[in-house]
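Commentary on secondary and tertiary structure
Residues per chain, in single letters:
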Amino acid sequence: MRAVVTGGAGFIGSHLCDHLIARGHRVTVLDDLSTGSLGNLVQAQGSPGFRFVEGDVLDRDLVDSLVSEADTVFHLAAAVGVYNIVDNPLRSLRVNLHGTENVVESAVAHRVPYMVASTSEVYGKNDADGLKEGDDRVYGPATKSRWSYAAAKSLDELVAYVHGVESGVPCVITRFFNVVGPRQTGRYGMVVPRFVDQAMSDEPITVYGTGTQRRCFGSVFDVVPALPLLMDAPEAYNQAVNLGGHEEVSIKGLADRVVELTGSRSPITFVGYEEAYGEGYEDMQRRYPDTSLAARLIGYRPERDLNDIIR
Ligand code: NAD
């Protein structure tokens, strides 16, 4: 099989390349190296049939020529990371919406099965008691830059789904929940690599907000094998499937765990959301995935716990 992986020089994409190559597939990566790097592809480079193409998913002709030669497409290229999105909301919208449009339209035109990476962010923040106008977390003015990502990803899902249903070309949408592992960088606000970097250099570990907000972190080594399995599961077609981990932890608890496992002397300090991300930023108190659909479809059962992930 020849697979195209957009965003293949990134964190999840590069692990997917290694996984596919180990199973004998030929892989072409399309990546503009905006947040990814060639260093992530050291293992893949030199493998038979591996090809790296530096380019933009907004380049319609380039996308079309690569997809036309493929048997399957994994679309992971996106503008990601809270800092990146808040600083460049328009760029984030354009890449995440039009990039997906290009990939999906080419996939459908050449009848190539496709997977589109989405996010738990599409669930928004739905815990308000009586909904007021300012509560529309996806498009609301107070948090508009933060949610350009969620808005684009929601529309991506729709683009992927509608094309999949109308064309009959196999389509799978994957909603990632806080996927973590080697090669992920803390530069754009990802909390686990940021805490680990701070701990390893004995700098203060900066918890944003009160630290009582709870998250579940999934290992990239549990999530990545699920992607080709879903592409081979016809019952998964035209569905959005949650993928993530199951061990829930508060962010302060995560900081404690990182200090313990690294043997660091770092103190834990608290920084307000406004100071970290700018005015109007809010975060959800809890995010926990129900992965029973993936379990039913492909027997998905995450095996790595938080300690494995941090190590
Ligand atoms: P990443 O930044 O490591 O990977 C994204 C890759 O896309 C990078 O290599 C980047 O250079 C590339 N890219 C960005 N814009 C591009 C463009 N215009 N043209 C070509 N390439 C471009 O991030 P990741 O964590 O590996 O994310 C991969 C996918 O998974 C993304 O679609 C992201 O939205 C989604 N996702 C990830 C998580 C997570 O926890 N890591 C959670 C939810 C969703």
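Up top is the structure these notes are about.
Cut-offs applied
- Residues numbered from 1 in each chain as written.
- Predicted model: local features only at pLDDT ≥ 70, side-chain atom pairs only at ≥ 80, totals over all residues.
- Heavy atoms only, no water.
- Pairing = 2+ DSSP bridges.
- Helix = DSSP H or I, 4+ residues; strand = E, 2+ residues; numbered from the N terminus.
- Contact = heavy atoms within 4.5 Å.
- Axes fitted to C-alpha atoms, helices over the stretch in contact; angles between N-to-C directions.
- Buried < 20%, exposed > 50% of the residue type's maximum accessible area, 1.4 Å probe, protein only.
- Salt bridge = Lys/Arg side-chain N within 4 Å of Asp/Glu carboxyl O.
- Phe/Tyr/Trp six-rings, centres within 6.5 Å; stacked < 30°, edge-to-face > 60°.
- Lys NZ or Arg CZ within 6 Å of the ring centre and 35° of its normal.
- Near = heavy atom within 4 Å.
- Polar contact = N/O pair within 3.5 Å; in protein donor to acceptor, adjacent residues only side chain to side chain.
- Areas by Shrake-Rupley, 256 points an atom, 1.4 Å probe, with all protein chains shown as cover.
- Nonpolar A, V, L, I, M, F, W, Y, C, P; charged D, E, K, R; others polar.
- Expected span 1.5 Å × (residues − 1).

A few words on the sheet that holds strand 9 (residues 214-216). Strand order in the open sheet formed by 3 strands is 12-9-14, with mixed pairing between adjacent strands. Unpaired on one side and paired on the other, strand 12 (248-250) and strand 14 (286-287) mark the two borders of the sheet. Note: strand 9 against strand 14, 2 bridges, orientation parallel. If you follow Arg-215 over to strand 14, its bridge partner there is Arg-287. Together, strand 9 and strand 12 form the strand contacts of helix 9 (residues 251-262), whose direction differs from that of strand 12 by roughly 90°.

Summarising burial for strand 6 (residues 171-176): 6 of the 6 residues are buried, a large majority. Alternating positions in strand 6 separate into two faces, Cys-171, Ile-173 and Arg-175 on one and Val-172, Thr-174 and Phe-176 on the other, with burial throughout. Sheet topology places strand 6 next to strand 11 (residues 239-243); 5 bridges connect them, and they run parallel. For Val-172, the partnering residue across the bridge sits in strand 11 and is Gln-239.

Summed over all chains, the structure comprises 13 salt bridges. Here Arg-287 ties to Glu-121 by a salt bridge, and the two come within 3.1 Å at their closest N and O atoms. Of this pair, Arg-287 sits in strand 14 while Glu-121 sits in the loop between strand 5 (114-119) and helix 5 (148-167); the two residues are 166 residues apart in sequence, bridging distant segments of the chain. The pair formed by Arg-287 and Glu-121 is uniform in burial state, with each residue classed as buried. Between Glu-247 and Arg-257 there is a salt bridge, with its nearest N and O atoms 3.0 Å apart. Linking Glu-247 in the loop between strand 11 and strand 12 with Arg-257 in helix 9, this pair joins segments that are 10 residues apart in sequence.

For the rest of this paragraph, the subject is the packing of aromatic side chains. Under the counting rule described, the total for this entry stands at 1 aromatic pair. Ring geometry for Tyr-123 against Phe-177: centres 5.9 Å apart, planes inclined by 40°, an arrangement best described as tilted. On the criterion of sequence distance, the pair formed by Tyr-123 in the loop between strand 5 and helix 5 and Phe-177 in the loop between strand 6 and strand 7 (179-180) is long-range, its members being 54 residues apart. Sitting over the face of the ring of Tyr-208, Arg-194 holds its NZ or CZ atom 4.1 Å from the ring centroid.

Turning our eyes to something else, we now look at the side chain of Asp-18. Note on placement: Asp-18 falls in helix 1 (residues 11-22). Given a relative accessible area of 12%, Asp-18 falls into the buried group. Among residues more than four places away in sequence, those in contact with Asp-18 are Gln-43, Ala-44 and Arg-183.

We classify Phe-177 as buried; its relative accessible area is 3%. Sequence-distant contacts of Phe-177, that is, excluding residues within four places in its chain, are made with Ser-120, Tyr-123, Cys-216, Gly-218, Asn-242, Leu-243, Gly-244, Arg-287, Tyr-288 and Pro-289.

Around the ligand there are 29 residues in total, and Phe-11, Asp-31, Thr-35, Tyr-149 and Val-179 lie nearest to it. Note that an oxygen atom of the ligand is positioned 3.0 Å from one of the backbone N or O atoms of Gly-36. Lys-153 is positioned with one of its side-chain polar atoms (N or O) 2.8 Å from an oxygen atom of the ligand. Starting from 820 Å² of accessible surface for the ligand in isolation, the protein chains cover 94%. Those elements giving two or more residues to the shell around the ligand turn out to be helix 1, helix 4 (89-109), strand 5 and helix 5. The element that contributes the greatest number of residues to the shell around the ligand is strand 5, accounting for 3 residues. Partitioning the shell around the ligand into residue classes produces 14 nonpolar, 10 polar and 5 charged.

Helical geometry: 3.6 residues make up each α-helical turn, so side chains three or four residues apart lie on a common side. Here helix 4 spans 30 Å end to end across 21 residues, near enough to the 30 Å set by a 1.5 Å rise per residue. Of all the positions in helix 4, only Ser-92, Val-95, Asn-96, Leu-97, Gly-99, Thr-100, Asn-102, Val-103, Val-104, Ser-106, Ala-107 and Val-108 are classed as buried. Of the residues flanking the end of helix 4, it is Arg-111, one or two places downstream, whose phi is positive at about 55°.

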